[in-house]
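Chain and residue survey
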Amino acid sequence: MSPAESSIENLAEHARETHVVVIGGGISGLVAALECAKVGMRVTLLEASEELGGAIRSRTLDGVEIPVGADGYATAGGHVRALVDELDLTDLVRPEAPLEAWVAGVPGGPAPLPAETVLGIPANPWDPSVRRIIGWRGVWRAYLDRLRPPLTIGQQNNLDKLVRRRMGDLVVDRLVAPLTVGRHGLLPDDVDVEIAAPGLGTALTRTGSLGGGVAQLRGSRPGGPTIETLEGGLVPLVQALARRLGDYGADVRTGSRVEAIAPGWRVLLEDEELDAEIVVVAASGAEAHRLLAPHVDVVAPEAPATWDVVSLVVDGQPPARAVYAVPGSGPVSTVSVVSARWPWLAARLGAGRAVIRATLVSAPADDGAAIAEAADAASLALGIESLAVRDARIDRLPTAPPRSARGQLDAAARVRAAVVGRTGLGVVGAWVSGSGLAQVIPDAVDEAERLRRSALFG
Ligand SMILES: Cc1cc2nc3c(=O)[nH]c(=O)nc-3n(C[C@H](O)[C@H](O)[C@H](O)COP(=O)(O)OP(=O)(O)OC[C@H]3O[C@@H](n4cnc5c(N)ncnc54)[C@H](O)[C@@H]3O)c2cc1C
């Protein structure tokens, strides 16, 4: 054997002797596990619940399997698609049929969101669709934006302050807040403008007004679908990851909750302890904080945050809308007709049935009461007198802020810097990368690469 061949053999041997334990079988844990298994490392993945996927899950309602958690991914960056291709799922890719965005909780009942907006900020306050939502008083106040001296984005990255100052309260409360809360669970005050709408600040400075900046940004955006999914939703992605891990000989266990991590590293389950050279914490926010707190100073206990999502199978064909509610105007933040968004799902349901999803702002603890509240709010939002509900369920899923949450990037960088200081410890997941598959997946790949390198090359 040549010296080069023998050093490769040593490296492979070293990889085989490296035991990686991944805690959490959501998408971040599965991806990190695959990256380590690929180079020959011995991987054990431990998932607390009885199924893999975390926030990616489907349930059978009225005889049809329906996505009840994450159901699509952003094509931006190409990261999710690269994984889909790597797992030989390309043939299953399906584009989104975008829903018409509406706003509920405004005088006169639900109304279409103006077409020319970025984050709900209108390009032209005089557009009749803007007036329908904010009234004449709101329009005149928004028009002052054209008369004010421009700001640079460096001076204001808080979305609430920027829009309130330039266009007034009604634009923030009735156009911007419904979208930021409905799409990201954030009030405008918590949104970083430059991350949520890259280029808006520069466009504002260039055009001299916020409305002008919105118009310019919209004009410069490339067309084409920005969201896609797979036939059957995202569960096939989870299943393919599990299969691929099996092919690499990884030990993937469900019903295995990790109680604690001891230095060294040793992973403690209720009735077993596992030694590992590498531990990757891939649990959702509050659990990850609990597991990391003894080892990493910057991590403090975090209260669990959930999204309470009600899925309804109803008779008929509701309008193809996603309705975003003005915060404080009712029990839901969003109501969307999921089956109109995903033609593959509509085909499986057949004519005469539809799936509606309603996200409750603060759901009653009782499931039946929560479902009834969501169904009433959905019929109001969609303008249907009485919804004939055939089947329904509620899922309470852990959630994390997106990258565009103010301070998220800094907080994540602090956690990562502290974790890097503990050899063999890694952390992945939405609470560090920012929510959304397009963030979670590349971040998990990068973190696994860092751990692989440091274990194999020092
Ligand atoms: C309702 C909803 C809809 C969404 N829709 C979309 C969408 O359409 N597109 C998109 O891109 N993103 C969407 N997201 C966000 C996206 O789903 C998440 O960012 C991503 O799935 C998070 O993956 P994760 O691995 O970080 O965490 P999770 O999916 O939460 O997985 C963490 C896993 O760790 C396990 N675990 C926790 N504690 C332990 C322990 N002690 N021991 C062992 N295992 C443990 C949990 O059981 C869980 O399975 C949505 C999120 C929600 C909640």
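Residues numbered from 1 in each chain as written. Predicted model: local features only at pLDDT ≥ 70, side-chain atom pairs only at ≥ 80, totals over all residues.

Before going further, it helps to spend a moment on the packing of helix 4 (residues 128-143) against helix 6 (residues 169-184). One can describe the packing of helix 4 onto helix 6 by two numbers: an axis separation of 8 Å at closest approach and a directional angle of 135 degrees. The orientation of helix 4 with respect to helix 6, classified from their angle, is oblique. Remark: the crossing between helix 4 and helix 6 carries left-handed chirality. Between helix 4, through Ile 133, Ile 134, Gly 138, Arg 141 and Ala 142, and helix 6, the contact on the second element is made entirely by Leu 170, Val 171, Arg 174 and Leu 175. (Axes fitted to C-alpha atoms, helices over the stretch in contact; angles between N-to-C directions. Helix = DSSP H or I, 4+ residues; strand = E, 2+ residues; numbered from the N terminus. Parallel < 35°, antiparallel > 145°, perpendicular 65-115°, else oblique. Left-handed = near helix turned anticlockwise from the far one by under 90°. Contact = placed C-beta atoms within 7 Å.)

With that settled, consider the sheet that holds strand 15 (residues 273-275). An order of 13-14-15 is seen for the 3 strands of this open sheet, with the pairing classed as antiparallel. Two strands close off the open sheet at either side, each with one partner strand: strand 13 (258-262) and strand 15. Strand-to-strand twist in this sheet, taken as the mean axis angle between neighbours without regard to direction, amounts to 20 degrees. Pairing between strand 13 and strand 14 (residues 266-269): 4 bridges, direction antiparallel. (Pairing = 2+ DSSP bridges.)

The next point concerns the sheet that holds strand 2 (residues 42-46). Overall, parallel pairing links the 5 strands, which are arranged 12-2-1-16-22 in an open sheet. Among the strands making up the open sheet, the edge pair consists of strand 12 (251-253) and strand 22 (425-427). Taken pair by pair, the neighbouring strands of this sheet meet at an average axis angle of 15 degrees, ignoring direction. Across 3 bridges, the pairing between strand 2 and strand 12 is parallel. What sits directly across from Leu 46, in strand 12, is Arg 253. Here helix 2 (residues 27-38) sits on the sheet in contact with strand 1 (19-23), strand 2 and strand 16 (278-281), set at roughly 170 degrees to strand 2.

On to the site of the ligand, then. Of all residues adjacent to the ligand, which total 37 residues, the nearest are Gly 24, Gly 26, Gly 54, Ala 70 and Gly 429. Counting residues per element, the ones that place at least two in the shell around the ligand are helix 2, strand 17 (306-315), strand 21 (389-398) and helix 17 (437-457). Looking at the shell around the ligand residue by residue, the classes come out as 19 nonpolar, 14 polar and 4 charged. Two domains each provide a minimum of three residues to the shell around the ligand, namely domain 1 (3-59 + 67-73 + 85-91 + 233-303 + 403-457) and domain 3 (306-398). (Near = placed C-beta within 6 Å. Nonpolar A, V, L, I, M, F, W, Y, C, P; charged D, E, K, R; others polar. Domains from an automatic or database assignment.)

When the domains of the chain are assigned, the result is domain 1 (3-59 + 67-73 + 85-91 + 233-303 + 403-457), domain 2 (107-220) and domain 3 (306-398). Taking the mean C-alpha position of each, domain 2 and domain 3 sit 28 Å from one another. Across the boundary between the two partners, domain 2 contributes 10 residues, which contact 10 residues of domain 3. Looking at side-chain class alone, the side of domain 2 that touches domain 3 contains 6 nonpolar, 2 polar and 2 charged residues.

Residues in a regular strand point their side chains to alternate faces of the sheet. Buried residues dominate strand 20 (residues 353-360), accounting for 8 of its 8 residues. Residue alternation in strand 20 divides its side chains into two sets, Arg 353, Val 355, Arg 357 and Thr 359 and Ala 354, Ile 356, Ala 358 and Leu 360, and both sets are buried. As judged from the 5 bridges shared by strand 19 (residues 332-337) and strand 20, these two strands associate in the antiparallel manner. Each residue of the ladder has a partner; that of Val 335, found in strand 20, is Ala 358. (Buried ≥ 20, exposed ≤ 12 C-beta atoms within 10 Å, placed from the backbone.)

As a further point, take the packing of helix 2 against helix 17. For any two helices packed against each other, one specifies the inter-axial angle together with the distance between the axes. Where helix 2 contacts helix 17, the axes come no closer than 8 Å and their chain directions differ by 35 degrees. At the point where helix 2 passes helix 17, the crossing takes the right-handed sense. Counted together, Ile 27, Ser 28, Val 31, Ala 32, Glu 35 and Cys 36 of helix 2 and Leu 437, Val 440, Ile 441, Ala 444, Val 445, Glu 447, Ala 448, Glu 449 and Arg 452 of helix 17 form the full contact between these two elements. Considering only residue class, the contact of helix 2 with helix 17 consists of 10 nonpolar, 1 polar and 4 charged.

A few words now on unusual backbone geometry. Of the consecutive residues Gly 264 and Trp 265, the connecting peptide bond is found in the cis state with omega at 10 degrees. Of note in this structure, Leu 119 is not a glycine but carries a positive phi near 55 degrees. Its location among the elements puts Leu 119 in the loop between strand 9 (117-118) and strand 10 (121-122). Judged by the 20 C-beta atoms lying within 10 Å of it, Leu 119 is buried.

Ranked by size, the top nonpolar core spans 75 residues in total, and within it Val 176, Val 310, Ile 356, Ala 374, Ala 378 and Ala 381 carry the most contacts. No other element matches the 9 residues that helix 14 (residues 367-382) contributes to this core. Here this core gathers at least three residues from each of two domains, domain 2 (107-220) and domain 3 (306-398). Once you skip the residues sitting within four places of it in the chain, Val 176 turns out to touch Leu 119, Gly 120, Ile 121, Leu 159, Val 163, Val 171 and Pro 188. Counting 65 residues, the second-largest nonpolar core is a separate cluster that includes Ile 23, Val 43, Leu 245 and Ala 438. (Core = buried A, V, L, I, M, F, W, Y, C linked by C-beta atoms within 7 Å.)

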